[in-house]
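What the coordinates show
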Amino acid sequence: MGNTGNPTEYKQFLSQRIIAAANEAFTSRGIRAVKMDDLAKSLSISKRTLYEIFDDKEQLLLACIQESNKAFRKEIEAFIVKTSPTPTAIILEFYRMQMLRLSNVTPDFFTEIDRYPKVVEWLKQNKKQNHGEIKRFFDQGITEGYFVNNIDFALATLVGDAIREYVMNNQLFRKYSMKKIFHDLIFTFIRGFCTQKGIKELDSNIAKIKV
């Protein structure tokens, strides 16, 4: 697809091209390693054109993270609509997708994000929103008998985040297979707050998981 003749449509198309290229570069090489000049050259556009769409690297980085988050949510929603899963199946799929998506991201990407305040603030607000959704999800799981009701799920969510970050920051996927990491860490962690009914469902669903 080239210039559509409609300036607005073409700008949107070019914006998506830039985001796709920048996201691949940021996640595989790290944020600092990506220069706006090099990105423009790789897309065969002028530096001026790039800056007409994104004011600076931080704005582009934020757009990449927002687009990635949007795609992740769409994938989860599609999974739910397609399979009508139990709460245990949803949480397994959530972590499976997270682990697979993040296994190709360089640890530098995560350590360098803190240098971009607008991005940090967006991630903070997004995490707040997500934790509210996760709390409602766990409450539903308790009501349906899949999760025990004496666990602080806000704390459990933080622990789940910490496990994921430790795996990524220490690149455990280079030493262990993603299947082993998923089974020995994530699966065991989830199992800990399931009822007997939840464990039965979990054991049934883990066989279907591909990592």
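To be clear, the structure that these remarks concern was listed above.
First, a word on what this report is: a plain description of the structure on this page. (Residues numbered from 1 in each chain as written. Predicted model: local features only at pLDDT ≥ 70, side-chain atom pairs only at ≥ 80, totals over all residues. Heavy atoms only, no water.)

Notes on helix 8 (residues 153–169)
Every α-helix carries 3.6 residues per turn, so stepping three or four residues along brings you back to the same face. To keep things clear, this is the line we draw: Strands are runs of DSSP state E lasting at least 2 residues, helices are runs of H or I lasting at least 4, and numbering of each runs from the N terminus. Multiplying one less than the number of residues by 1.5 Å gives the expected span of a helix. Buried, partly exposed and exposed residues are distinguished by accessible area as a fraction of the type maximum, computed with a 1.4 Å probe on protein chains only: under 20%, between the cut-offs, and over 50%, respectively. Starting at the helix axis, one direction is taken to each C-beta atom, and the arc is that of these directions. Pairs of residues are marked as contacts when any of their non-hydrogen atoms sit within 4.5 Å. Polar contacts, as used here, are pairs of N or O atoms within 3.5 Å; protein pairs need one atom able to donate a hydrogen and one able to accept it. Residues neighboring in sequence count only if both atoms are side-chain atoms.
With 17 residues, helix 8 extends 24 Å between its outermost C-alpha atoms, agreeing within 8% with the 24 Å of an ideal straight helix rising 1.5 Å per residue. Turning to helix 8, its buried residues are F153, A156, T157, G160, D161, I163, R164, V167 and M168. Angular distribution of buried residues about the axis of helix 8 spans 155°; they occupy a single face of the element. The exposed set on the far side of helix 8, more than 90 degrees from its buried face, consists of A154 and Y166. Buried residues belonging to helix 8 abut helix 5 (87–102), helix 6 (107–112), helix 7 (117–143) and helix 9 (178–191). N-capping of helix 8 is provided by D152, with a side-chain oxygen placed 3.1 Å from the backbone N of A154. Looking at the residues trailing helix 8, positive phi occurs at Q171, about 50°.

Some thoughts on the pattern of salt bridges
Applied cut-off: Any Lys or Arg side-chain nitrogen found within 4 Å of a carboxyl oxygen on Asp or Glu counts as a salt bridge.
Scanning the model with the defined rule gives nine salt bridges in all. A salt bridge links R96 to E93, with the shortest nitrogen-to-oxygen separation between them at 2.8 Å. Here R96 and its partner E93 are both found in helix 5, three residues apart, which amounts to about one turn of the helix. Of the two residues examined, R96 and E93, each falls in the buried class. Between R164 and E165 there is a salt bridge; the shortest N-O distance is 3.9 Å. Look at R164 and you get buried, because its relative accessible area is 16%. Look at the salt bridges and you will find they share partners, linking D161, R164 and E165 into a network.

Observations concerning the nonpolar core
Which entries qualify depends on this criterion: Here, nonpolar core means buried Ala, Val, Leu, Ile, Met, Phe, Trp, Tyr and Cys residues that are tied together by side-chain atoms lying within 4.5 Å of each other.
In terms of nonpolar packing, the biggest core is built from 56 residues, with I18, F26, L60 and I190 touching the most fellow members. When residues in this core are grouped by element, the largest group, seven residues, is from helix 9.

Overview of a nonpolar patch on the surface
Selection criterion: Patch membership is restricted to residues that have no salt bridge and whose relative accessible area is over 30%. Joining uses 9 Å for like charges and 5 Å for the nonpolar side chains Val, Leu, Ile, Met, Phe, Trp and Tyr. All accessible areas in this document rest on Shrake-Rupley with a 1.4 Å probe, and a residue is counted as covered only by the protein chains that are shown.
A grouping of L155, L158 and V159 is seen on the molecular surface, where their side chains present a nonpolar patch of about 260 Å² in accessible area. Here V159 shows up in helix 8. On the accessibility criterion, V159 (35% relative accessible area) is partly exposed.

Quick look at unusual backbone geometry
A positive phi angle is found at S44, which is not glycine, with a value near 60°. Its place among the elements puts S44 in the loop between helix 2 (36–42) and helix 3 (47–53). Residue S84 is not a glycine yet carries a positive backbone phi of 45°. Mapping S84 onto the fold places it in the loop between helix 4 (57–83) and helix 5. With relative accessibility at 62%, the residue S84 sits in the exposed group.

Some thoughts on the packing of helix 5 against helix 10 (residues 196–206)
Counted only if it meets this: Convention adopted: a line fitted to C-alpha atoms gives each axis, helices being fitted over their contacting stretch, and angles between N-to-C directions are expressed from 0 to 180 degrees. What sets the label is the angle itself: under 35 degrees gives roughly parallel, over 145 gives roughly antiparallel, 65 to 115 gives roughly perpendicular, and the rest give oblique. Each crossing gets its hand from how the near helix is turned against the far one by less than a right angle, where anticlockwise is left-handed and clockwise is right-handed. All amino acids are sorted into three groups, where Ala, Val, Leu, Ile, Met, Phe, Trp, Tyr, Cys and Pro are nonpolar, Asp, Glu, Lys and Arg are charged, and the leftover types, Gly among them, are polar.
Here helix 5 crosses helix 10 at 45°, and the two axes come no closer than 9 Å. Compared by their axis directions, helix 5 and helix 10 come out oblique. Crossing of helix 5 against helix 10: the hand is right-handed. Each of T88, A89 and L92 in helix 5 lies in contact with helix 10, whose residues at this interface are G198, E201, L202, N205 and I206. Of the residues in the contact of helix 5 with helix 10, the class split is four nonpolar, three polar and one charged.

Things to note about the packing of helix 5 against helix 7
Following both chains from N to C, one finds helix 5 and helix 7 inclined at 145°, their axes separated by 10 Å at the closest point. Between helix 5, through P87, I90 and I91, and helix 7, the contact on the second element is made entirely by F137, F138 and G141. For the contact of helix 5 with helix 7, a count of residues per class yields five nonpolar, one polar and no charged.

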